[in-house]
Amino acid sequence: MQPLLHLDNVSKRYGAVRVLDGIDITVADNEFLTILGPSGSGKTTILRIIGGFEGIDGGRLMFEGRDLSAVPINRRPFNTVFQDYALFHHMTVAENVGYGLKVRGRPKAEIAERVAEVLDTVGLGTLGGRYPALMSGGQRQRVALARAIICEPRLILLDEPLSALDVELRAQMQRFLKSLQRRLGIAFVFITHDQEEAIALSDRIIVVNRGRIEQEGAPEELYRRPRTPFTASFLGDNNLIPGRLAAVDGRLCTVDTAAGRLDATVDGPAPAPGSAVLLAVRPEHVRLDADPAARDGLPADVADVRFLGANVMIELLTPALPGAVIKVRRLADGAVAGLRPGASVRLGWAADDAALLQAAP
Amino acid sequence: MKQKAPCLDALLGLVAGLGLIALYAPLLATGALSFFQIVRVRGTLGFAPFSLDPYVALLANGEILAALSTSLVVATVSSLLALVLALMFAFYFVSARRGLGIAMQIMVFLPFLLPPIITGLSLLIAFREIDLGRGLVTIIIAHVVFIVPVVYRTVLVRLQLLGSSLTEASLDLGASRVQTLRYVILPQLRPALISGVLLAFAISFDETLITLFVAGSQTTLPIRLWAMMRVGFVPEINALATLIFLCTAAITFAIGLMQRAGERV
C-alpha cells in the first residue's frame, strides 16, 4: 500500500552542519507516529520540512506519490500545532479557530457552524468569545488543536505540544490527544523528547539521534528489543555491559565480558563472532539475592537505595565489572525493605532478558 | 530581598526633584507669563492681572494661523509617508540577509544621527542639483528623511518581538502572504504603528533647523516663532509656546498609552 507521506532519503544542512543525513520515513493513513529524540537530534527539522517551513538539500518529500518539494506551506494539506501554540492574540478563540476557513473565503455562516462543531470536539464549546490571553495553558492547547483540525488536513504535525504543561495536565492532554486522533482518523506526526509520552501515545515510534534514524517500531517492540545502544538507553533505563561475542547458537549467544562468559539473546541477524557487543539488561529484569548463603550470580555491594514512590531504584557495584553501576528497579515492598547501602548481595538475569546489541563503532 | 536605605532613597528623590524643577521651571514660567503679563507701573515691574489677551491676539494673527496649518499638513503627510517607508524597511530587515539588513539600517539612521545642519545642507544641495523648487514638497521630503528612523525603530522592535511563528502559523492554515500581512501582522503591529506615527508627528511639528534650509517661502510654526522673536518680543510668543508645549505633551501621553497597550497584547 502506498504510504500517505514518504520522506525519501532526505538530507538537510545548516551551513556546514549536517542536521539530517539520509532520513527515510513513511507515515501511514490514520497513524499516530512519534518522532522521538534528544534536543539537537533533528526531530524538529523533520517536522519543519514536512510542514514546508524548511527546504531540503537532498532526497524527496512525497505525499500520496506526489512530490511536495515545490509546494509552498499554504498549499500543503497539513496543519501544525506549534510548541508555543502561536495563537493570534488579537483574535477571539472563535476567530482563531475559524481563520483557516476565513482565508479560504468560506461563507460566514458555514464558518460559524464549523467553529462551533470543532470547539465542541475539543471540549471548549462555550469559550468561543474569549481571548486566548485569558485562558489557561491546557485551554490554549485545545484552541491550537481546534485551529489545526478545522481544515480537515490529511496530517497534523505536533511540535512538542505538551512540553509547556504541568505533569497532571500533561497526562490528561495525552489521553485527550490519543482519543481525538482515533475519533478524527487523521494521521498525527508527533515530536517529543519524552520517551514515556512517546510510549503512551504512539502506534509507532521513530527514534532519531544526530540526524539519523536509530530504530523504528511499535513502542513495545522498541522497549523490549532495542537494537542500538542509543535506543536501549534513551527508551527507558538499561544496564549496558560491554563484551566480545564468543559464539552464536540460534538466538542464544555467549559473550566474553570482564565478569566472565554471559548469555544473551539476539534478534535479527547476529554480529560476527569476535565483534564488540553490548549486553542490555533492564533494571526491572535484574535478579537480586540478599541471602548470604546464595551462591548463584555475581557478588555485588549495594551503593545506593533510592525510594521513588511505587518503585525503589537500587544501585550496585560489582568487583566483576569494575567501573560499572548496575541499576535494579524493584517494587517498594517488604522484599527490599531491609536493603541498606553497604549490604552484600548477588545479582543475575535470565538470558532471555539480556539483549545483544552491536556496540557503537 | 533588597535592603532598604531610607537616606539614599531620600537623596535620590531630592536630586530627581531638583532635576525636574530645572527642566520644567522655564516651561512653567512661559506658561504663567502667557496669562500674567509683566508690566511697568511707574518705574517698577509688576504682573498684570490674569488675561487671555495674548491668546486672542494669537488667533487674530493670520500669519500664525497660516504657519500652523502648514505645520499640520507637513507633519501629517510626512508622518504617514514615513510610516509606509518604515514598514517596508522593517520587513526588509527581518527577512533580508543580516549584512544587507544592517547596511540598510545604517542608511536609514544616518540622516537622524547626523547634525541637523549637515542633513539640512545636504538636502538643500540635492534639491538644487535636481532643480526642485523649495516649498511644501521639499519640506515634506526633508521631514520624511528625518523621521523615518523613529517610526522604523518603533515598528522593528515590535516586529522582532513577534518573531516568525505567527507568520508560519498563518501560512500553515492556508493564508497567502497578503492575507497574513492584513489579518495577522498589521493588527499585531498596530500599537507600534500608532505610537511611531505620533512620535514622528511630534518631531516633524517641532523641527526647525532642517526646515529652515529647505522651506523657501513657506513658513512652518516653529519658523514663524523664530522669526517673531527676531523682530522683538510680543506676548503672543508665550501663548504660542504654551500651546505647542501642551500639544506635544498630549501626544507624548498618547504614545505612552499606546506603548502600554502594545505590551499587553
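Residues numbered from 1 in each chain as written. Chains lettered and ligands numbered in written order. Predicted model: local features only at pLDDT ≥ 70, side-chain atom pairs only at ≥ 80, totals over all residues. Heavy atoms only, no water.

Recorded in UniProt under Subcellular location (unreviewed entry), the annotation for chain B is "Cell membrane". The UniProt entry for chain B carries the following comment under Sequence similarities (unreviewed entry): "Belongs to the binding-protein-dependent transport system permease family. CysTW subfamily." (UniProt positions renumbered as here; feature names shortened; annotations may be inferred.)

An unreviewed UniProt entry lists chain A under the name ABC-type Fe3+/spermidine/putrescine transport system ATPase subunit, from Ancylobacter polymorphus. Its UniProt record gives chain A a comment under Sequence similarities (unreviewed entry), which states: "Belongs to the ABC transporter superfamily."

Engineer: Please give an account of the overall build of chain A that cites residues and values.
Structural biologist: Assigned secondary structure in chain A consists of nine helices and 20 strands. Along the longest, intermediate and shortest principal axes, the C-alpha atoms of chain A span 80 × 45 × 35 Å. Counting over 361 residues, chain A shows a buried share of 49%. Within chain A, counting contacts between residues at least 6 apart in sequence, those at least 24 apart form 65% of the total. In the form shown here, chain A has an accessible surface area of approximately 16400 Å², with 50% of it arising from carbon and sulfur atoms. Distance between charge centroids for chain A: 4 Å, based on 42 positive and 43 negative side chains. (Helix = DSSP H or I, 4+ residues; strand = E, 2+ residues; numbered from the N terminus. Buried < 20%, exposed > 50% of the residue type's maximum accessible area, 1.4 Å probe, protein only. Contact = heavy atoms within 4.5 Å. Areas by Shrake-Rupley, 256 points an atom, 1.4 Å probe, with all protein chains shown as cover. Lys, Arg positive; Asp, Glu negative; His and termini not counted. Charge placed at Lys NZ, Arg CZ, Asp CG, Glu CD.)

Engineer: Outline the side chain of A:S202, supporting the account with residue identities and numerical values.
Structural biologist: Checked against the element boundaries, A:S202 lands in the loop between α6 (195-201) and β9 (204-209). For A:S202, the residues in contact, after removing those within four places along its chain, are A:F32, A:T34, A:K178 and A:P219.

Engineer: How would you summarise the domain arrangement of chain A if you had to cite specific residues and measurements?
Structural biologist: Each assigned domain of chain A is listed with its residue range as follows: domain 1 (5-224) and domain 2 (237-358). Measuring from the centre of the C-alpha atoms in domain 1 of chain A to the corresponding centre in domain 2 of chain A gives 39 Å. (Domains from an automatic or database assignment.)

Engineer: Which residues make up the nonpolar core, and what values go with them?
Structural biologist: One recurring pattern in soluble globular proteins: nonpolar side chains tend to sit buried together. Formed by 50 residues in total, the largest nonpolar core has its most connected members in A:F88, A:Y99, B:Y152, B:V184 and B:L189. Considering every element that reaches this core, the biggest residue donor is helix α6 (residues 136-162) of chain B, with 13 residues. Non-local contacts of B:V184, meaning those with residues more than four positions away in its chain, are made with A:F88, A:H90, A:M91, A:Y99, B:L166, B:S170 and B:Q179. (Core = buried A, V, L, I, M, F, W, Y, C linked by side-chain atoms within 4.5 Å.)

Engineer: Before we move on, could you go through the sheet that holds strand β5 (residues 66-67) of chain A and cite the residues and values that matter?
Structural biologist: All names here are of chain A. Ordered in space as β2-β1-β4-β5, the four strands form an open sheet in which the pairing is antiparallel. Unpaired on one side and paired on the other, β2 (17-27) and β5 mark the two borders of the sheet. Here strand β1 (residues 5-14) runs beside β2; their pairing, made up of seven bridges, is antiparallel. Pairing of Y14 across the sheet is with V17, part of β2. (Pairing = 2+ DSSP bridges.)

Engineer: Run through the sheet that holds strand β16 (residues 298-307) of chain A, naming residues and quoting values.
Structural biologist: Strands in a sheet are paired, the pairing made by backbone hydrogen bonds, and the direction either parallel or antiparallel. Residue and element names in this part refer to chain A. A sheet is described by the order of its strands in space; here five strands give the open sequence β15-β19-β16-β17-β18, paired in antiparallel fashion. Both edges of this open sheet fall to β15 (287-289) and β18 (325-331), since each of them pairs with a single strand only. Here the strands of the sheet are splayed against their neighbours by 45 degrees on average, with no regard to which way each runs. Bridge count between β16 and strand β17 (residues 311-317): six bridges; the pairing is antiparallel. Each bridged residue has a counterpart across the sheet, and for D301 the counterpart in β17 is L317. (Axes fitted to C-alpha atoms, helices over the stretch in contact; angles between N-to-C directions.)

Engineer: Mind laying out helix α5 (residues 116-129) of chain B, listing which residues take part and the relevant values?
Structural biologist: Residues and elements named next belong to chain B. With 14 residues, α5 should cover 20 Å at 1.5 Å per step; its first-to-last C-alpha distance of 20 Å lies within 8% of that length. By the burial criterion, the buried members of α5 are T119, G120, L123 and F127. One side of α5 carries all its buried residues, which in axial view fall inside an arc of 95 degrees. Along α5, the residues that are exposed and aim more than 90 degrees away from the buried face are R128 and E129. Contacts from the buried residues of α5 go to α4 (98-113), α6 and α9 (209-214). Count one or two residues on from α5 and you reach D131, which has phi positive near 65 degrees. (Expected span 1.5 Å × (residues − 1). Arc of directions from axis to C-beta.)

Engineer: Outline the interface of chain B and chain A, supporting the account with residue identities and numerical values.
Structural biologist: Contacts between chain B and chain A engage 17 residues on the former and 22 residues on the latter. Taking both sides of the interface into account, the surface hidden between chain B and chain A amounts to around 1800 Å²; carbon and sulfur atoms contribute 58%. Linking chain B with chain A are one salt bridge, by the criterion used here. One salt bridge connects B:E168 with A:R48, and the closest N-O pair in it is separated by 2.7 Å. (Buried area = accessible area lost by both parts, 1.4 Å probe. Salt bridge = Lys/Arg side-chain N within 4 Å of Asp/Glu carboxyl O.)

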